[in-house]
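# Descriptive analysis of the structure
Single-letter residue listing:
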Amino acid sequence: MTGVLADIIEVAREQVLERGEGLSQEQVLAVLQLPDDKLDEVLQLAHEVRMKWCGPEVEVEGIISLKTGGCPEDCHFCSQSGLFESPVRSAWIDIPSLVEAAKQTAKTGATEFCIVAAVRGPDKRLMSQVAAGIEAIRNEVDIQIACSLGMLTQEQVDELKAMGVHRYNHNLETSKSHFPNVVTTHSWEERWGTLQMVREAGMEVCCGGILGMGETLEQRAEFAANLAELDPDEVPLNFLNPRPGTPFGDLDVLEPNEALKSVAAFRLALPRTILRFAGGREITLGDLGAEKGILGGINAVIVGNYLTTLGRPAETDLDLLGELKMPIKALNDTL
């Protein structure tokens, strides 16, 4: 590392902390390549950036799988694909169960409830179920509703907007150059197209991915740059939790220091974005890593379980936020 990049932390301090300008792809790579003895320093800087440009509040979200398993796509990390010998079987939940899940999520103090379906994109049955679920939730629970239903048509984007969905999640998953090694049944460009339609419709854009899927550090930096170009409202950062029966089932779990360095790098690339701790953080980071991440640029968490893997108890995360004096974002701050 030579020149400016040899002092990337000081460069980032002036560029990101003082001016609010995210790091470039080359600069993100320099952060990812920092030696481990610089980890605490870069995490502290990322925390300062988060506090200055986002504030101290932490957004809490719960997620529920409306339709689980049986997906026709071949995302190599996902046990919900119907193409792999994995233990997840296709199932739907009913509307009363959906409402109850929303109620339990709201009780944690969460402001976001995301309805997820394992599909390439929604058909008429799924859209009808989502519409009925949203109406039932609105009648009983005061919470923001987000959806993650795969790739959309313009008509479906307009329908979700009319239903009152305020944020749509559709992850790019990884960098454009690495994507063909992760998914072969659809393209990165198809995902990008859905995200553009969502933004143009006026819904908030939630887009992140999974780290530790065999990508190089260069590709991880490329992914941060891809996201910076998209400029989403929220970026969920997942870490691969290898699932039995999937093509990525034998990959190694990301080293904690590498994962934390990535958290800091993505915050420095996206200074104003909601950066959410999502799946895999428990197996990758454990309790200590969770605290370091929240003090290293993270300002949102998913509480409870994920779609096919167990998370930490919601109370554990909420207690940690209390200990760190990180207030939970109130619902009226999100409207």
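Residues numbered from 1 in each chain as written. Predicted model: local features only at pLDDT ≥ 70, side-chain atom pairs only at ≥ 80, totals over all residues. Heavy atoms only, no water.

## What about the packing of helix H2 (residues 25–32) against helix H8 (residues 217–230)?
- Packing of H2 against H8 brings their axes to within 8 Å, and their N-to-C directions diverge by 130°. By the angle between their axes, H2 is oblique relative to H8. Handedness of the crossing formed by H2 with H8: right-handed. In this structure, H2 contributes Gln25, Val28, Leu29 and Leu32 to the contact, and H8 contributes Leu217, Glu218, Arg220, Ala221, Glu222, Ala224 and Ala225.
- Of the residues that constitute the contact of H2 with H8, the class distribution is 7 nonpolar, 1 polar and 3 charged. (Axes fitted to C-alpha atoms, helices over the stretch in contact; angles between N-to-C directions. Helix = DSSP H or I, 4+ residues; strand = E, 2+ residues; numbered from the N terminus. Parallel < 35°, antiparallel > 145°, perpendicular 65-115°, else oblique. Left-handed = near helix turned anticlockwise from the far one by under 90°. Contact = heavy atoms within 4.5 Å. Nonpolar A, V, L, I, M, F, W, Y, C, P; charged D, E, K, R; others polar.)

## Side note on the environment of Thr194
- Take Thr194: it is sitting in helix H7 (residues 188–200).
- Exposure remark for Thr194: the relative accessible area of 1% places this residue in the buried category.
- Spatially, the C-alpha atom of Thr194 lies 5.7 Å from that of Leu152, the residues being 42 residues apart in sequence.
- Setting aside anything within four residues of it in sequence, one finds Thr194 in contact with Gly150, Met151, Leu152, Tyr168 and His170. (Buried < 20%, exposed > 50% of the residue type's maximum accessible area, 1.4 Å probe, protein only.)

## Re the pattern of salt bridges
- Following the criterion strictly, the structure yields 23 salt bridges and no others.
- Two residues, Lys292 and Asp40, come together in a salt bridge whose shortest N-O distance is 3.2 Å. Taken as a pair, Lys292 in helix H10 (residues 281–294) and Asp40 in helix H3 (residues 39–53) lie far apart in primary sequence, 252 residues in all.
- In this structure Lys292 comes out as partly exposed when scored by relative accessible area, which is 29%.
- Note that Arg220 is salt-bridged to Glu215, the shortest N-O span being 2.9 Å.
- The exposure class of Arg220 is buried, given its relative accessible area of 2%.
- The buried category is assigned to Glu215, whose relative accessible area is 9%. (Salt bridge = Lys/Arg side-chain N within 4 Å of Asp/Glu carboxyl O.)

## Here's the deal with the environment of Glu10
- Along the chain, Glu10 turns up in helix H1 (residues 8–18).
- The exposure class assigned to Glu10 is partly exposed, which follows from its relative accessible area of 36%.
- Along the primary structure Glu10 and Leu45 are separated by 35 residues, whereas in three dimensions their C-alpha atoms are 9.4 Å apart.

## Comments concerning the nonpolar core
- Formed by 94 residues in total, the largest nonpolar core has its most connected members in Ile115, Ile137 and Leu160.
- Ranked by residue count, the leading element in this core is helix H9 (residues 256–269), at 8 residues.
- Core analysis: the next-biggest nonpolar cluster, separate from the first, contains 6 residues, Ile63, Cys114, Ala146 and Ala278 among them. (Core = buried A, V, L, I, M, F, W, Y, C linked by side-chain atoms within 4.5 Å.)

## Structural notes on H1
- Taken as a whole, H1 has its buried residues at Ile8, Ile9, Val11, Ala12, Gln15, Val16 and Leu17.
- As for H1, its buried residues are in contact with H2, H3 and H9.
- Directly after H1, the chain includes Gly20, whose backbone phi takes a positive value near 75°.

## Some words on the UniProt feature "binding site: [4Fe-4S] cluster" (unreviewed entry) in the protein
- Here the UniProt-annotated "binding site: [4Fe-4S] cluster" (unreviewed entry) positions come out as Cys71, Cys75 and Cys78.
- Relative to the assigned elements, Cys71 resides in the loop between strand S1 (59–68) and strand S2 (91–92).
- You can call Cys71 buried: its relative accessible area is 11%.
- Leaving out residues up to four positions away in the same chain, Cys71 has contacts with Gln80, Ser81, Gly82, Leu83, Ala118, Val119 and Arg120.
- Here Cys78 is to be found in the loop between S1 and S2.
- With residues up to four places along the chain from it excluded, the contact list for Cys78 reads Phe84 and Thr246. (UniProt positions renumbered as here; feature names shortened; annotations may be inferred.)

## Regarding the pairing of S1
- Taking burial as the measure, the 10 residues of S1 include 10 buried ones, the bulk of the element.
- Where S1 meets strand S3 (residues 112–117), 6 bridges bridge the pair, whose relative direction is parallel. Paired with Glu61 across the strands is Glu112, a residue of S3.
- Bridge count for S1 against S2 is 2 bridges, and the pairing is antiparallel. Pairing of Lys67 across the sheet is with Trp92, part of S2. (Pairing = 2+ DSSP bridges.)

## Notes on the packing of aromatic side chains
- Counted according to the given criterion, the structure contains 3 aromatic pairs.
- With a centroid separation of 5.2 Å and an interplanar angle of 20°, the aromatic rings of Trp188 and Trp192 are classed as stacked. Note that Trp188 and Trp192 are positioned in helix H7 at a spacing of 4 residues, about one turn of the helix. Assigned by exposure class, Trp188 and Trp192 land together as buried.
- Residue placement shows Arg125 over the ring face of Trp92; its charged tip is 3.8 Å from the ring centre.
- It is Arg272 that lies over the ring of Trp53; its NZ or CZ is 4.2 Å from the centre. (Phe/Tyr/Trp six-rings, centres within 6.5 Å; stacked < 30°, edge-to-face > 60°. Lys NZ or Arg CZ within 6 Å of the ring centre and 35° of its normal.)

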